[in-house]
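Inside the fold
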Amino acid sequence: MTILLGLFFIFAKLSLFSFGGGYVMVPIAMGELEANHWATAAGLTDTVAIATMSPGPVGVNLAIGLGFKVAGIAGAVAAFLGMILPTTAVLILVAVCFFKVYQNPVVAAMFYGIRPVVTGIILYAAFSLAVKNGVILAEPNTMIHAGYNLSFNTFHLIEFKSVLIATAVFMLLAKTKVVPAAIIAACGVIGIIMF
Amino acid sequence: MVCVNSTDKIQPTNSLLLKIYITFFKLGSISFGGGYAMIPLIEHEVVVQNHWVKREEIIDILAVAGSLPGAIGLNASALVGYKIAGIRGALASIIGSLCPPVMIVLALSVLFEKFSSYKAVQDAFYGIRPAVLSLIVFAAYKMGSTSIKDGISLIIAIMAFGSMVIFDMHPILIIIVGAFAGLGLMPVKSAGSRKDGV
């Protein structure tokens, strides 16, 4: 029961600060779940993959996937409710006359500051997942042993198979309209071949 | 300026609510790739197909959806539902757009848990993890291309990133600091260049 309440409140808190889409939740969720020893970074990355492969809002999917990982179906329900109840309440309050709030200069000024912050946080999410998944600056326990690792003495710098995949995926996303779900499925096959 | 107060008085018929539910169930089933990917689909269904919302209204709705906390696609769905049929319309669109992802994420999570010890599944995830990294970098790139428009916002973004990497600052704290920075810096910026894109 404590776990379920904990999940509910973690995701309630997350949802109220997840401006700018689900990915901004990744570093916050990671901190909270690791502090409680509920999930590892690799587990979190795999759940992000599942959340992205599924249709629907990434943030909500992430809550369901992580909740399930921590405490099964009941955990998924708790995290899901935590994710949607507070924001739905905010929405309904705002919807009552929402354009006034949006066009308020004070709100506009706040968002002028929040948006670049969100950009920085999302970049940090990618950076810290890269470290924790052994793509860059790997520790001995996160090292990808089937990869091409470049180390300086014992200090790990970079793993090239992962970087190759990441670069190709970024180009696909930027230059084509291939949907992320298809890219993830294809990378699963590539992973089986390359590793 | 559009205000949607008037919709409070509309008594939506059950068939309208059902239609909203089904429309957003459909949108929820095909909206791969997060909220931004859902936006053109929502626009097609509610503006082009059903004429529930005017095109200029949907642009404002999407801007508000992106400004509120929570999932953008879900916020947009709820606001559109509210616009069509008040609170009950908002609930119909929220429940409709969430049913498919809930079922699919749960199914995939159960499958993953069952098969995660297989070597092939583990190798597949070695390929998938860097792809997820790029998805996140790309999300930052898209966010940055609309939010970083001048030197000040670039500095704010770099400081946000740096304070997490170096000082391990909590993201929620940085968001709050960012809001105050915006409040403090916006007048400076408006005085410099009048155009203030929201």
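Residues numbered from 1 in each chain as written. Chains lettered and ligands numbered in written order. Predicted model: local features only at pLDDT ≥ 70, side-chain atom pairs only at ≥ 80, totals over all residues.

1. Some remarks on the overall build of chain B
Here is the rule we go by: Only DSSP runs of H or I reaching four residues or more are called helices, and only runs of E reaching two or more are called strands; each is numbered from the N terminus. Counting other C-beta atoms within 10 Å of its own, a residue is labelled buried from 20 upward, exposed at 12 or fewer, and partly exposed in the gap between, with every C-beta atom placed from the backbone. We call two residues in contact when their backbone-placed C-beta atoms lie within 7 Å.
Scanning chain B from terminus to terminus reveals seven helices and zero strands. The order of α-helices and β-strands along chain B, N terminus first, is α-α-α-α-α-α-α. Within chain B, the proportion of its 198 residues that are buried is 45%. Put simply, 54% of the contacts in chain B that link residues at least 6 apart link residues at least 24 apart.

2. Details of the pairing of strand 1 (residues 149-152) of chain A
All names here are of chain A. The criterion, for reference: Note on pairing: two strands pair once DSSP finds at least 2 bridges between them.
Summarising the sheet, strand 1 and strand 2 (residues 155-159) pair through four bridges and their orientation is antiparallel. Counterpart to F152 in the pairing with strand 2 is F155. Following strand 1, the chain reverses through two residues before pairing antiparallel with strand 2; N153 in that reversal takes a positive phi of roughly 55°.

3. Comments concerning the confidence of the model for chain B
Residues and elements named next belong to chain B. Counted only if it meets this: The predictor's confidence in any single residue is recorded as pLDDT, a number from 0 to 100.
Confidence in the prediction of chain B, expressed as mean pLDDT, is 80, and 84% of residues score 70 or more. No element of chain B has a lower mean pLDDT than helix 3 (residues 55-67), at 73, and none a higher one than helix 6 (residues 151-167), at 90. Below a pLDDT of 50 lies the segment residues 1-8, which in the model reaches 15 contacts outside its immediate sequence neighbourhood of four places, other chains included. Interface confidence for the predicted complex, expressed as ipTM, amounts to 0.77; the pTM equals 0.73.

4. With respect to the nonpolar core
Cut-off, in case you're wondering: We define a nonpolar core as a collection of buried residues of the types Ala, Val, Leu, Ile, Met, Phe, Trp, Tyr and Cys that are connected via C-beta atoms lying within 7 Å of each other. Domain limits in this description derive from either an automatic procedure or a database domain assignment.
One finds A29, A79, I121, I122 and A126 of chain A together with L79 and I136 of chain B to be the most contacted residues of the largest nonpolar core, which totals 119 residues. In terms of residue count, helix 4 (residues 58-95) of chain A provides more of this core than any other element does, 17 residues in total. When residues of this core are assigned to domains, at least three map to each of domain 1 (5-115) and domain 2 (119-192) of chain B. With residues near it in sequence (within four places) discarded, I136 of chain B still touches Y23, V26, I122, A125 and A126 of chain A.

5. Looking at unusual backbone geometry
Although it is not a glycine, H37 of chain A adopts a positive phi angle of roughly 55°. Note on placement: H37 of chain A falls in the loop between helix 2 (25-35) and helix 3 (41-53).

6. Section: the packing of helix 2 of chain A against helix 4 of chain A
All names here are of chain A. Using the following cut-off: All axes are obtained by fitting lines to C-alpha atoms, using only the stretch in contact for helices, and the reported angles, taken between N-to-C directions, cover 0 to 180 degrees. Working rule for angles: under 35 degrees goes down as roughly parallel, over 145 as roughly antiparallel, 65 to 115 as roughly perpendicular, anything else as oblique. Each crossing gets its hand from how the near helix is turned against the far one by less than a right angle, where anticlockwise is left-handed and clockwise is right-handed. Polarity classes work like this: nonpolar for Ala, Val, Leu, Ile, Met, Phe, Trp, Tyr, Cys and Pro, charged for Asp, Glu, Lys and Arg, and polar for all others, with Gly in that last group.
Between helix 2 and helix 4, whose axes approach to 11 Å, the crossing angle comes to 20°. Classified by the angle between their axes, helix 2 and helix 4 sit roughly parallel to one another. In the packing of helix 2 onto helix 4, the handedness of the crossing is right-handed. In this structure, helix 2 contributes M25, A29 and L33 to the contact, and helix 4 contributes G59, L62 and L66. For the contact of helix 2 with helix 4, a count of residues per class yields five nonpolar, one polar and no charged.

7. Section: the interface of chain A and chain B
Each side of the interface is counted separately: chain A has 90 residues, and chain B has 86 residues. Take the side of chain A that touches chain B: its biggest share by element is 23 residues, from helix 6 (residues 105-132) of chain A. Residue composition of the side of chain A that touches chain B, grouped by class: 66 nonpolar, 21 polar and three charged.

8. Notes on helix 6 of chain A
Helical geometry note: an α-helix holds 3.6 residues per turn, so side chains three or four residues apart project in the same direction. Selection criterion: For a helix, the expected span equals 1.5 Å multiplied by the residue count minus one.
Compared with the 40 Å implied by 1.5 Å per residue over 28 residues, the 40 Å span of helix 6 of chain A between its first and last C-alpha is a close match. Taken from the residues just after helix 6 of chain A, G134 of chain A is the one with a positive phi, measuring 80°.

9. Section: the packing of helix 1 (residues 2-17) of chain A against helix 2 of chain A
Relative placement of two packed helices is described by the angle separating their axes and the distance separating the axes. Residues and elements named next belong to chain A. Closest axis-to-axis distance for the helix 1/helix 2 pair is 10 Å, and the angle between their directions is 155°. Relative to helix 2, helix 1 is oriented roughly antiparallel. Crossing angle aside, the handedness with which helix 1 passes helix 2 is right-handed. Across the interface between the two elements, I10, L14 and F17 from helix 1 touch M25, I28, A29 and E32 from helix 2. A class-by-class count of the residues in the contact of helix 1 with helix 2 yields six nonpolar, no polar and one charged.

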